Amino acid sequence: MRSVRDRALANVFLVWVCFATAHAGEAKLAWEAEWRKTIEAAKKEGQLAVSHTRGPFDQVFADFSKRHPEIKIVSISGRGGDLISRIMAERRAEKYVTDIYLGASGTPMDVLYPAKVLESVPTFMILPEVKDPSKWFRKQHHYADPEGRYIFVFEGVVRSDMAFNTALVDPKDFTSYWDLVKPKWKGKIAAMDPKLPGFPSGLLQFSYYHPELGAKFLRQLFGEMDMTLSREARQLVDWLAVGKFAIALAPSASEVQSAMKQGLPLGRFEPRAFKEGIYMRATQGSLSIMSQLPHPNAAKVFVNWLLSREGQTAYQRHFLRIDPIFSFRDDVPVESGVETYRPKAGDKFIPVYRSEFRDLDDAYKVVGEALKR
């Protein structure tokens, strides 16, 4: 009896294995067939129009062209706001020129998403390695929009947006953002004027929305520390370098980096030094696909390449300049010198690129009232 039952179970198992293998084979054939069809259609389209913010995107496009020389990328570069205005003006004139927008997530979130002119990114994913969320940070795809479909975020940037004079500050004394409001630093902090576009919103978003900081922290920082404001990024760095101030909020990252290379007594606070955690943004690493796009197949080929391990490795290599910029793909290696900045699955962090952290009207109101004191 036992042998008969065992043979029966073995037969059932073999049938299941054959079915599963056949099903897997069909699935593989399905995506491969779709991919080949998309490639051939993209060759006929012959080009792709990409609007993007400034940066080494052309080097990324050059790497794409090596893989897909049959698709020419028409590159349109500029400031995010100018590019979006141009796209919207074209669409009002019923001209559909742009296929893809690459840049920070904020501008498309503020304009393109509410205008309902974006395609769902998942519908453009074909390659299994791109569709599989387990390849990505925290085993998920990342989006800026509340529906989690239209503004794909593939880059994480981690920094504290603060610098200090190394002769006046021992960074080991800072283990919490609340250390900034200790009496010893009163009158020794300078900052970019928060009303100016150059002030990094990430720092304000993190402070305002963090449950351990919030409006109380901002009121003390901007209202009780006798802070001096500047309207010039270079001036902040100069003040730090000569010791006029000990700490600077929102100095130009490139200016700080340049001063450090010159041997001036400047340093940047390590993001993980603060117990409240870190915040991540996408300075240029978000992807939006326009609706009624002129080259849909070429766009599919580019999207799948960009979000593949190969594409993300190329992007990270070209963009890893001043800031610790990382692909959200877990399988993209990083240089050892910046590995400590790389977001970890267990990190305590706020993804400030998300839509729920976009509204800063109340935060700016808190800061404005504090500065009037």
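Above: the structure in question.
Quick look at the structure, then. Please read all numbers here as calculations on a predicted model, not as lab measurements.

**Regarding the pattern of salt bridges**
- In this structure the tally under the stated criterion is 20 salt bridges.
- The closest approach of N and O atoms between Glu310 and Arg67, which form a salt bridge, is 2.8 Å. With Glu310 in helix H11 (residues 309-319) and Arg67 in helix H2 (residues 57-67), this pair connects stretches of sequence that are 243 residues apart.
- Of the residues examined, Arg67 reaches a relative accessible area of 49% and is grouped as partly exposed.
- Ionic contacts of the salt-bridge type, sharing partners, join the residues Glu212, Lys275, Glu276 and Lys348 into one network.

**Side note on helix H12 (residues 361-371)**
- Along H12, the residues classified as buried are Ala363, Val366, Val367 and Ala370. Taken around the axis of H12, the buried residues stretch over an arc of 95°, which confines them to a single face. Within H12, the exposed residues directed more than 90 degrees away from the buried face are Asp361 and Lys365.
- On its buried side, H12 packs onto helix H6 (201-209) and helix H7 (214-223).

**Quick word on the side chain of Gln312**
- Inspection of the secondary structure assignment puts Gln312 in helix H11.
- Residue Gln312 is classed as buried on the basis of its relative accessible area of 0%.
- There is a polar contact of 2.7 Å between the side chain of Gln312 and the backbone oxygen of Leu306.
- With residues up to four places along the chain from it excluded, the contact list for Gln312 reads Trp136, Phe154, Leu306, Leu307, Ser327, Phe328, Arg329 and Val332.

**Quick look at the sheet that holds strand S12 (residues 286-289)**
- The strand order S2-S1-S3-S12-S4 describes an open sheet built from 5 strands, whose pairing is mixed. The sheet is open, and its two edges are formed by strand S2 (72-77) and strand S4 (151-153), each paired on a single side. In this sheet, adjacent strand axes meet at a mean angle of 25° when their direction is disregarded.
- Pairing of strand S1 (residues 47-52) with strand S3 (residues 100-103), which is carried by 3 bridges, proceeds in the parallel orientation. Its bridge partner lying in S3, Val50 is registered against Ile100.

Parameters at a glance
- Residues numbered from 1 in each chain as written.
- Predicted model: local features only at pLDDT ≥ 70, side-chain atom pairs only at ≥ 80, totals over all residues.
- Heavy atoms only, no water.
- Salt bridge = Lys/Arg side-chain N within 4 Å of Asp/Glu carboxyl O.
- Helix = DSSP H or I, 4+ residues; strand = E, 2+ residues; numbered from the N terminus.
- Buried < 20%, exposed > 50% of the residue type's maximum accessible area, 1.4 Å probe, protein only.
- Arc of directions from axis to C-beta.
- Contact = heavy atoms within 4.5 Å.
- Polar contact = N/O pair within 3.5 Å; in protein donor to acceptor, adjacent residues only side chain to side chain.
- Pairing = 2+ DSSP bridges.
- Axes fitted to C-alpha atoms, helices over the stretch in contact; angles between N-to-C directions.

On their own, these measurements won't tell you what the molecule is for.
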